[in-house]
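Residue-level structural notes
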Amino acid sequence: MPASFSCGDGGVEMTRGSDGRLAGTIALVTGASRGLGRAVALAYAREGADLVLVARRPEPLEQVRDEVQAVGARAVVVTADVGDPDDVERVAAAALTAFDRVDVLVNNASELGPMLAAGRGSVINVSSDAGVVGYPGWGAYGVSKAGLDQMTRIWASELDGSGVRVNTVDPGDMATEMHAAALPDDDPAGLARPEDRTEVFVRLAAGDGDSGERLEAAQFAAAQT
Ligand SMILES: NC(=O)c1ccc[n+]([C@@H]2O[C@H](COP(=O)([O-])OP(=O)(O)OC[C@H]3O[C@@H](n4cnc5c(N)ncnc54)[C@H](OP(=O)(O)O)[C@@H]3O)[C@@H](O)[C@H]2O)c1
């Protein structure tokens, strides 16, 4: 699948003040066009971050770009399949071309890695309780999330002292397209909204916390209220 790179009309916009928890931060969010990725991108924008937004289909991604620009963020869109190594290279190159660096990487759809050269950064891998609970029929998903949790611990050890922190976040059940497809009998009204699960992502991006941890977003959401 070809990747493409585009900026908003007139290129990257420069419009915002500097008092948020993520002012001056460049965040790359994969799977940013809907669900949790969109909610995290919007939360980051409100806290002052600028964004690289990644997903496969351009139209919904461009809508999110418009939304984050509306709250003052600079944002670029990269349409890419994160399962394709060539696309991943293109995402990294596009991010560095647009902003020169990436401070925070949210692997909401999958994985990447352009931060070591800067000697600082926060990688946030999105996990699931399916990585620790044996849900029948969810073998590949559960094994991939368990592997992601363990890979995160290994990366944290390998990156100890580098300035780059790596953590996983289990967002918990949320009313998203993915959840509706996986569990169509669940009532969305009884589920959390992705917007309610973004606080831990903001804190990790802002530099809070150690490296190599597996965090549950619901605990941070509860602590907020
Ligand atoms: N929803 C829940 O209840 C729940 C619970 C536990 C964990 N999680 C985790 O939370 C994360 C987000 O889930 P969600 O519910 O927000 O999902 P979602 O609503 O289905 O959104 C998925 C996002 O990822 C993009 N995407 C999917 N495959 C991609 C690929 N190969 N390359 C690039 N982008 C891709 C989609 O856009 P395109 O289709 O245009 O690419 C979309 O932006 C996932 O890691 C999931 O495992 C969710």
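Residues numbered from 1 in each chain as written. Predicted model: local features only at pLDDT ≥ 70, side-chain atom pairs only at ≥ 80, totals over all residues.

**So, the overall build of the protein**
Looking only at helices and strands, the protein features 7 helices and 8 strands. Counting the 225 residues in the protein, one finds 41% classified as buried. Residue pairs in contact within the protein that sit at least 24 positions apart in sequence constitute 61% of those at least 6 positions apart. (Helix = DSSP H or I, 4+ residues; strand = E, 2+ residues; numbered from the N terminus. Buried ≥ 20, exposed ≤ 12 C-beta atoms within 10 Å, placed from the backbone. Contact = placed C-beta atoms within 7 Å.)

**Some words on helix α1 (residues 35-46)**
Between its terminal C-alpha atoms α1 stretches 17 Å, which fits the 16 Å expected from 12 residues at 1.5 Å a residue. Taking burial as the measure, the 12 residues of α1 include 11 buried ones, the bulk of the element. Looking at α1, one finds that the buried residues are Gly35, Leu36, Gly37, Arg38, Ala39, Val40, Ala41, Leu42, Ala43, Tyr44 and Ala45. A positive phi of about 105 degrees marks glycine 48, the residue just after α1. (Expected span 1.5 Å × (residues − 1).)

**Thoughts on the site of the ligand**
Around the ligand, the surrounding shell holds 27 residues, and the nearest of these are Gly31, Gly35, Arg56, Thr176 and Met178. Among the secondary structure elements, those contributing two or more residues to the shell around the ligand are α1, β3 (50-55) and α5 (177-182). Here the residues of the shell around the ligand are counted per class, giving 11 nonpolar, 10 polar and 6 charged. (Near = placed C-beta within 6 Å. Nonpolar A, V, L, I, M, F, W, Y, C, P; charged D, E, K, R; others polar.)

**Focus on unusual backbone geometry**
A positive phi angle, close to 75 degrees, is found at aspartate 100, a residue other than glycine. Checked against the element boundaries, aspartate 100 lands in the loop between α3 (85-99) and β5 (104-107).

**Concerning the nonpolar core**
Counting residues in hydrophobic clusters, the biggest one holds 55 residues, and the most contacted among them are Ala41, Tyr44, Leu51 and Leu53. Sort the elements by how many residues they give to this core and α1 lands first, with 8 residues. For alanine 41, the contacting residues outside a window of four places in its chain are Val29, Ala32, Leu51, Leu53, Val64 and Val68. (Core = buried A, V, L, I, M, F, W, Y, C linked by C-beta atoms within 7 Å.)

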